[in-house]
Amino acid sequence: MVGPMYDFLANPLGAVRSTFDKAIGSESDPSSFDGKDWGAVDLFRHFLFDQARLSQVPILNGATINWIKPNTLVRFRGMIQDMLGNELYVGAYKDGSAWRTNKFMDISQCPVEFNSPDMRLWERRLLYCVPVPGLSSWAESTSDVAVNMCMDSTSEQRDKRRRMDIEVVDHNDFPVSGDEFEFSPSAKRMKEDPKNEGPCSSHVILPDVDRDSLPCLVKIYDSPESELKLNDVFEFVGVLTFDSELPSEKVDQDEFSNGLCDDVSVNLPSNKVPRLHCVIHRKLTGYDFLQNSPPTEPKPHLVKEAREALLRHLTSILGNDGVAAHFMLLHLLSRVHARADNVAVGKLSLNLTCISKEIASVFGTKLNIVIKNLLPFTKCIPLTVEYLNTVFLAPKKDYQINRLIPGVLQLAEGSHLIFDETCLETGTLDSVGIENTRLLKALAELQKVEYDFQYYKMEMMADVQILVLSEGKSNILPADIIMPFQPSSSGSSDAVPAEVLEAWRWYLATVRSMPHTIESDMQKVVENDLVTARQADRSLGSQDFSRWLTMGRLISASFGETSLSLEHWQMVKELERLRIDRLK
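Reading the values: rules and limits
Residues numbered from 1 in each chain as written. Predicted model: local features only at pLDDT ≥ 70, side-chain atom pairs only at ≥ 80, totals over all residues. Heavy atoms only, no water. Helix = DSSP H or I, 4+ residues; strand = E, 2+ residues; numbered from the N terminus. Buried < 20%, exposed > 50% of the residue type's maximum accessible area, 1.4 Å probe, protein only. Contact = heavy atoms within 4.5 Å. Areas by Shrake-Rupley, 256 points an atom, 1.4 Å probe, with all protein chains shown as cover. Salt bridge = Lys/Arg side-chain N within 4 Å of Asp/Glu carboxyl O. Expected span 1.5 Å × (residues − 1). Arc of directions from axis to C-beta. Polar contact = N/O pair within 3.5 Å; in protein donor to acceptor, adjacent residues only side chain to side chain. Disulfide = S-S within 2.5 Å. Pairing = 2+ DSSP bridges. Phe/Tyr/Trp six-rings, centres within 6.5 Å; stacked < 30°, edge-to-face > 60°. Lys NZ or Arg CZ within 6 Å of the ring centre and 35° of its normal. Axes fitted to C-alpha atoms, helices over the stretch in contact; angles between N-to-C directions.

Further remarks concern the overall build of the protein. On a plain count of helices and strands, the protein comes out with 15 helices and 18 strands. Relative to its 584 residues, the protein shows a buried fraction of 53%. Considering only residue pairs separated by 6 or more positions, the protein has 80% of its internal contacts joining residues 24 or more positions apart. Of the roughly 26,500 Å² of accessible surface on the protein, 51% is carried by carbon and sulfur atoms.

This is the structure in structure tokens:
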């Protein structure tokens, strides 16, 4: 299917143009390609997935940006932090008797009038993407093969092919005058970027950007809006365009030679924020961040071995507090799998109490380390009065630059947060602090975060695991499980082999996503037990029963089971009995 004439890695635009020429040569009208692909994406998909070449595509991040060549194929893994709307561009135009395309590039050549029938205006979406907040070091993508390919000099054949393609582009370069096109105030703008002429340098130097949090402006083509949502984590594969040598002041002046002002280009200049013209994208889950390829089938013996080993490790880390370790395991497996009215079904936040500042310095540190080694996205936040009064937890829209300013609580699905309240001392909360405590309570109770759009606020659904360390029951973050911590030793600090950690990560990612049901016979058992419990203790309510059902689901999942058994339901009741005894 794919012939040797296509060099997808070094010259992806060559494949795009060749397939376009072929489609036009078959007497297709360019208007038929409005919002559609003409076969180029199928070629890339065949190359990347059918031929298993995805691992050869260099990964774009703060370390590799200095080695990856512009106009080559790259992949970027990140969270959609902001959605910047759509832009219009000259997708196709007639050059003499031949049609050309500008798809998947910043350069917009168009040697014809805007109102000419010899041009087609197409549309693309703009997404501002960032590395996933709280990304653990083990989950960072690496590809030695791809990086080495970037650093090696390309063959003469590749260089010659790229030069030939650039010469074709430069020959047809014709700036578009802004006077010839009117724009509505709704923010659909024509993207003209004539500065990107000619070949870029082999190595680019990234100025004034934190290399550990390299952002990327991703341009999406021909995809329904419903496929990509705010805070989703994606892997984007596409063509990199980046000009690090253009002075900042020149970016501001010349981003549009036609005199138009584009908010995105002014506030995200191309010499600081690389552009990725996306050819293929795929949504990622926690499983996709596993570096190696462990067995994908959750075979019973593998699940059992991983569960027993992980539970022993958690028990050791928690000073031989086996009950706390069981609840910790369930907490790490929890996720929001449904919503009923205002209830986030499946969450299981955990508040470990009886933890002083001194105890937190020992066990809190160990817990933070072990969770970072197990989960792909996690943060530890020491809560103080000063922190609550100064930090902005909720994202906020800045209309002056037309950007969503990120907040601490703008997180990817499946993120884990540890809140250390042992540093919290007596003090006065100002208006910011009061608002932040309200936001934290809403996240803990409802798994929602209010985004501030100045003139209104919008609730965004969240799925964040919350672990609270405190001396007494937290008044800021109400948790589903209040668990007095009772260690009998100082806890283990033994290093865990890398292959064991990988097995545990696979275990958590796999069983966490398994479906779950309760068979009719077990439903009757559960209902009778709930009625009996309610008769014995009138203080029990729907929240308690919901918590028990969630625990039943998680215990079943921890064993790799997809339905609740009587044995697992008995474990739920025993764990609850042991926990309640500690609360008395």
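Looking at where Phe363 falls in the secondary structure, it is placed in helix H9 (residues 357–374). With relative accessibility at 8%, the residue Phe363 sits in the buried group. Along the primary structure Phe363 and Leu318 are separated by 45 residues, whereas in three dimensions their C-alpha atoms are 6.7 Å apart. With residues near it in sequence (within four places) discarded, Phe363 still touches Ile317, Leu318, Gly319, Phe485, Pro487, Ser489, Ser490 and Gly491.

A separate point is the pattern of salt bridges. Going through the model one piece at a time under the given rule, you end up with 27 salt bridges. For Asp581, the salt bridge goes to Lys584, with nearest N and O atoms at 3.8 Å. Since its relative accessible area comes to 36%, Asp581 is described here as partly exposed. For Lys584, a relative accessible area of 77% gives the class exposed.

Our next topic: helix H11 (residues 431–446). In this model, H11 (16 residues) spans 22 Å end to end at C-alpha, consistent with the 22 Å of a helix rising 1.5 Å per residue. For H11, the set of buried residues is Gly433, Asn436, Thr437, Leu439, Leu440, Leu443 and Ala444. For H11, the buried positions fall inside an angular range of 160 degrees around the axis, keeping them on one side. A distance of 3.1 Å separates the backbone nitrogen of Val432 from a side-chain oxygen at the start of H11, and that oxygen is part of Asp430.

Let us look at the state of the cysteines. This model, assessed by the stated rule, comprises zero disulfides. Cysteine Cys129 shares no disulfide, and the gap to the nearest cysteine sulfur, in Cys216, comes to 6.7 Å. For the unlinked cysteine Cys423, the closest cysteine sulfur is that of Cys380, found at 8.8 Å.

All right, on to the side chain of Asn436 then. Tracing the chain through its elements places Asn436 in helix H11. For Asn436, a relative accessible area of 3% puts it in the buried group. For Asn436, the residues in contact, after removing those within four places along its chain, are Leu388, Val391 and Leu393.

Our focus in this paragraph is the side chain of Asp544. Looking at where Asp544 falls in the secondary structure, it is placed in helix H14 (residues 542–558). You can call Asp544 buried: its relative accessible area is 18%. Side chain to side chain, Asp544 and Arg547 meet in a polar contact 3.1 Å long.

Moving on to the pairing of strand S17 (residues 464–469). In terms of residue burial, S17 counts as a mostly covered element, since six of its six residues are buried. The two faces of S17 match: Val464, Ile466 and Val468 on one face and Gln465, Leu467 and Leu469 on the other face are all buried. Across three bridges, the pairing between strand S10 (residues 350–353) and S17 is parallel. Pairing of Leu350 across the sheet is with Leu467, part of S17. Here strand S14 (residues 415–420) runs beside S17; their pairing, made up of six bridges, is parallel. From the neighbouring strand, Ser415 faces S17, where its bridge partner is Val464.

Take the environment of Asp494 next. Within the secondary structure layout, Asp494 lies in the loop between strand S18 (481–484) and helix H12 (498–512). Assessed through its relative accessible area of 61%, Asp494 is described here as exposed. Counting along the chain gives 178 residues from Asp494 to Ser316, while the straight-line C-alpha distance between them is 9.4 Å.

Here we take up the pairing of strand S15 (residues 448–452). Most of S15 is tucked away, with four of its five residues classed as buried. As defined by bridge partners, S15 adjoins strand S16 (residues 457–461) across five bridges and the pair is classed as antiparallel. Within S16, the position partnered with Glu450 by the bridge is Glu459. Between the end of S15 and the start of S16, which pair antiparallel, lie four residues, with Gln454 showing a positive phi angle near 65 degrees.

Let us now look at the packing of aromatic side chains. With the rule as written, the count across this model stands at 16 aromatic pairs. Measuring from centroid to centroid gives 5.1 Å for Phe289 and Phe377, while their planes differ by 90 degrees, and the two rings are edge-to-face. Residue Phe289 is found in the loop between strand S7 (275–283) and helix H7 (300–317), and its partner Phe377 is found in the loop between H9 and strand S11 (378–382); the two are separated by 88 residues along the sequence. Exposure class is identical for Phe289 and Phe377. Each is buried. Where Phe363 meets Phe485, the ring centres are 5.0 Å apart and the plane angle is 80 degrees; that geometry is what we call edge-to-face. Taken as a pair, Phe363 in helix H9 and Phe485 in the loop between S18 and H12 lie far apart in primary sequence, 122 residues in all. One exposure class covers both Phe363 and Phe485, and it is buried. A network of ring pairs unites the aromatic residues Phe20, Phe33, Trp38, Tyr89, Phe104, Trp122 and Tyr221 as a single cluster. Here the basic side chain of Arg77 rests over the ring of Phe289, its NZ or CZ set 5.2 Å away from the ring centre. The lysine or arginine in question, Lys103, covers the ring of Trp38, its NZ or CZ lying 4.9 Å from the ring centre.

Further remarks concern the sheet that holds S18. Reading across from one edge, S11-S14-S17-S10-S18 is the order of the five strands in this open sheet, with parallel pairing throughout. Pairing within the sheet leaves two strands with one partner each, and these edge strands are S11 and S18. On average, adjacent strands in this sheet sit at an angle of 15 degrees to one another, irrespective of strand direction. With four bridges joining them, S10 and S18 adopt parallel strand pairing. Looking at S18, one finds that Leu350 is bridged to Ile481. Docked against the sheet, helix H8 (residues 322–333) engages S10, S14, S17 and S18, running at close to 150 degrees with respect to S17.

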